[in-house]
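Listed here are the chains, written in short residue letters.
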Amino acid sequence: MQEYKLFINGEWTGSSSGEMFEDINPATLELIGKLHKGNKEDVKNAVDAAQDSFDAWSSKPAPQRAQIVFRAARMLEVRKEELSRLMTMEMGKVLKEARGDVQEAIDMAFYAAGEGRRLTGETTPSELPDKFCMTLRRPIGVVGLITPWNFPIAIPAWKIMPALVAGNTLVFKPASDTPILSIELVKILKEAGLPNGVLNLVTGEGKTVGSEIVHNRKIRAVSFTGSLETGKWILAEAARDMKKVSLELGGKNPIIVMDDADINLAIDGIVWGAFGTTGQRCTAASRVIVHEKILPDLLERLIGRTKKLKVGNGLHEDIDIGPVINDSQIRKIAKYVDIGKNEGAKLVLGGNIIKPLPGYFFEPTIFTDVSPDMRIAQEEIFGPVVSLIRVQDIDEAIHIANSVEYGLSSSIYTGNMRYAFKAIEKIDTGITYINASTIGAEIHLPFGGIKSTGNGTREGGTTAIEEFTELKTVYFDYSGKLQKAQIDIE
Ligand code: NAP
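Position numbers for residues count from 1 along each chain, tracking the sequence in the order it is written. Given that the model is predicted, a residue must reach a pLDDT of at least 70 before its local features are reported, and side-chain atom pairs must reach 80 or more before they are shown or counted; all residues, however, enter totals for whole chains, interfaces and linings. Note: side-chain values were computed over all heavy atoms of the structure, leaving out hydrogens and water.

A. Just the environment of A284, in detail. Note on placement: A284 falls in the loop between α9 (263–275) and β14 (285–291). Relative accessible area decides the class of each residue, using a 1.4 Å probe on protein chains only: under 20% of the type maximum gives buried, over 50% gives exposed, and in between gives partly exposed. Under the relative-accessibility criterion, A284 is labelled buried at 7%. A run of H or I in DSSP becomes a helix once it reaches four residues, and a run of E becomes a strand once it reaches two; helices and strands are each numbered from the N terminus.

In structure tokens form, the structure reads like this:
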């Protein structure tokens, strides 16, 4: 059985506690690796290594830093299939989706590498003569990265690649359910030529390793993707040291289907949005808000289509839905099905744990007669469960779309421009799709949400560079005399 160590100052190192934890394949419950369980001491060592390497790394010209990331991108391309299979075994998502996850990391690495030759600031005229004004971007320093399990390589890459190109040094804690993909990513970056200490990885529990990252005073910023509950705690704790915090949290994403929509296209989008990645995406479509005129027809066709989905081990190419990540998650999903039934929603498909299979499999589940205030329509379930809500018109649909705590992604299916533009303007989410599902972010566009989904930052696109840099404003006065802004003006 392969054993995986921590990566501190360029060395694979055993944890100071000597304790280990196990990584389980959620489809077969087989053990796929044993990992060192880091503790606070290990994080402190990792932070010291990151701090010691900061001067040299941040002084290296950005295009040269980017060159290393570029090499890593090419190595990821070469290893794409092997990493995808490993991801399906570690996390459970079906092979096609695992390939997409790795591809996202490749895309982000190439994109971030390109940023090495930009990292742009701006120049503006001064209000005074012989004076030059500009902004430039500087790295933040030692940055802590904490990631979830549902995108085991894409989310780490979304953070690591731009943060490195921007000149930061890093302490990275991956999710305990999927650490091996992160370790493979770190190995690739080391092989691509990353100097010792620039990227450090500490596996272990959120409450020890993650907590030390949040509290360590030498860490100047924390970039976190995960649940609302953990995100709130991190924001409050990090505020004590005035750390910069970036949060990408949960979602309760709606698809609106209007009476003029192409119903088959909408069903394609609902099935993909609700059951893709077994519903374990922050952008999963967990609410479908349907115009009453088409609801019976849509429901019948949706049930028919969903019944054809094959649930099983995602390594087999014909499987549509893989397992849920772990035991506590499958129990949470089952609990929400009970809550839905008790609240009076009508369960029209699924609702059960699939027993004869060894892993954590749950039936794709559809509720109808859901009212917007029910818990299944308000809270993030993070499983293959979708709730259909009936509406009379576009205004009611948008009102219900906005009636939740989260604000990540949304979608509308319609042929009517007026409805489409109303949705773009009025739905309170960071992302809106027209005639496409709620999932499918591309790495060169800003990604993130509003309300309880985040704290205003965005990943992806040039906003990824904003997340990992500080702006400096520079005034260069070459007049040779004292000039006073706001005062010496004619
Ligand atoms: P989670 O329980 O919050 O865990 C996320 C990460 O935080 C893990 O690495 C976890 O470590 C760590 N952690 C847990 N407690 C911590 C603490 N007290 N201090 C510091 N770190 C701590 O979330 P999850 O269940 O892994 O992920 C699912 C959630 O992520 C969903 O809500 C989903 O919507 C959200 N998500 C959001 C986005 C987005 O971009 N908006 C993308 C993907 C996922 P352990 O694994 O060791 O517990």
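From this point on, the discussion continues.
B. Examining the site of the ligand more closely. Being near a molecule or strand, for a residue, means having at least one of its heavy atoms within 4 Å of it. Lining the immediate surroundings of the ligand are 29 residues, of which T147, S176, S227, L249 and E380 lie closest. Identification of polar contacts relies on pairs of N or O atoms within 3.5 Å, with a donor-acceptor requirement for protein atoms, meaning one able to donate a hydrogen and the other able to accept it, and with residues adjacent in sequence counted only if both atoms are side-chain atoms. The separation between an oxygen atom of the ligand and a polar main-chain atom of T147 is 2.8 Å. Interatomic distance of 2.7 Å between a backbone N/O atom of L249 and a nitrogen atom of the ligand. Here the Shrake-Rupley method, with its probe set to 1.4 Å, supplies the accessible areas, and only the displayed protein chains count as covering residues. Protein chains bury 85% of the 910 Å² of accessible surface belonging to the ligand in isolation.

C. Spotlight on the pattern of salt bridges. Take a side-chain nitrogen of Lys or Arg and a carboxyl oxygen of Asp or Glu: if they are within 4 Å of each other, that pair is a salt bridge. One pass over the structure, following the stated rule, counts 23 salt bridges. Here K218 ties to D48 by a salt bridge, and the two come within 2.7 Å at their closest N and O atoms. Remark: D48 occurs in helix α1 (residues 40–59) and K218 occurs in the loop between α7 (206–215) and β11 (221–225); sequence separation between them is 170 residues. The class of D48 is partly exposed, set by a relative accessible area of 29%. One salt bridge connects D395 with K422, and the closest N-O pair in it is separated by 2.8 Å. Taken as a pair, D395 in helix α13 (residues 394–401) and K422 in helix α14 (residues 417–426) lie far apart in primary sequence, 27 residues in all. For D395, a relative accessible area of 45% translates into the label partly exposed. The exposure class of K422 is partly exposed, given its relative accessible area of 26%.

D. The arrangement of the sheet that holds strand β20 (residues 431–434) in detail. Pairing between two strands is assigned when DSSP locates at least 2 bridges connecting them. Strand order in the open sheet made by the 7 strands is β15-β16-β17-β14-β13-β19-β20, with mixed pairing throughout. Taken across any chain shown, the strands that pair with only one partner, and hence form the sheet edges, are β15 (346–349) and β20. Taking the axes of each pair of neighbouring strands and ignoring which way they run, one obtains an average angle of 25° across the sheet. Throughout, an axis means a line fitted to C-alpha atoms (over the contacting stretch in the case of helices), and angles, computed between N-to-C directions, take values from 0 to 180 degrees.

E. Main features of the packing of aromatic side chains. Centres within 6.5 Å make a pair out of two Phe, Tyr or Trp rings, where for Trp the six-membered ring is used; the pair is then stacked when the planes are under 30 degrees apart, edge-to-face when over 60, and tilted otherwise. Within the structure shown, the criterion is met by 4 aromatic pairs. Judged by centre distance (4.6 Å) and plane angle (45°), the rings of F7 and W12 are tilted. Classification of F7 by relative accessible area gives buried; the value is 5%. Counting as a charge over the ring demands two things of the Lys NZ or Arg CZ atom: a distance within 6 Å of the ring centre and an angle within 35 degrees of the ring normal. A cation over a ring is seen here: K335 above Y336, with NZ or CZ 5.5 Å from the ring centre.

F. Summary view of a nonpolar patch on the surface. Side chains of M417, F421, I424 and I434 sit close together on the surface and give an oily, nonpolar patch of about 400 Å² of accessible area. Per-element accounting of the nonpolar patch gives the leading share, 3 residues, to α14. Looking at the secondary structure, you find I434 in strand β20. Patch membership is restricted to residues that have no salt bridge and whose relative accessible area is over 30%. Joining uses 9 Å for like charges and 5 Å for the nonpolar side chains Val, Leu, Ile, Met, Phe, Trp and Tyr.

G. Layout of unusual backbone geometry. Notably, N9 is not glycine yet its phi reads approximately 55°, a positive angle. Mapped onto the secondary structure, N9 falls in the loop between β2 (6–8) and β3 (11–13). Even without a glycine there, the phi angle at T278 is positive, about 55°. Among the structural elements, T278 can be located in the loop between α9 and β14. Residue T278 is classed as buried on the basis of its relative accessible area of 2%.

H. Just the sheet that holds strand β22 (residues 469–477), in detail. Read from one edge of the open sheet, 3 strands run β6-β7-β22, paired in antiparallel fashion. The open sheet is flanked by β6 (123–125) and β22, the only strands paired with a single partner. Put simply, the sheet's adjacent strands are angled 20° from each other on average, direction ignored. Relative to β22, strand β7 (residues 131–139) runs antiparallel, the two sharing 9 bridges. When the bridges of β22 are listed, F132 appears paired with F476.

I. Summary view of the nonpolar core. In this structure, L76, I153, I160, M161, L164 and L189 are the most contacted members of the largest nonpolar core, which totals 67 residues. Here, residues are in contact when the closest pair of their heavy atoms is within 4.5 Å. Apart from the residues lying within four places of it in its own chain, the contact partners of I153 are L76, L83, M87, D101, V102, A105, L181 and L185. Take the buried Ala, Val, Leu, Ile, Met, Phe, Trp, Tyr and Cys residues and link them wherever side-chain atoms come within 4.5 Å; each set so joined is a nonpolar core. Within the second largest apolar cluster, 30 residues are counted, among which are F367, I398, I400 and A401.

Geometric values such as these leave the question of function open.
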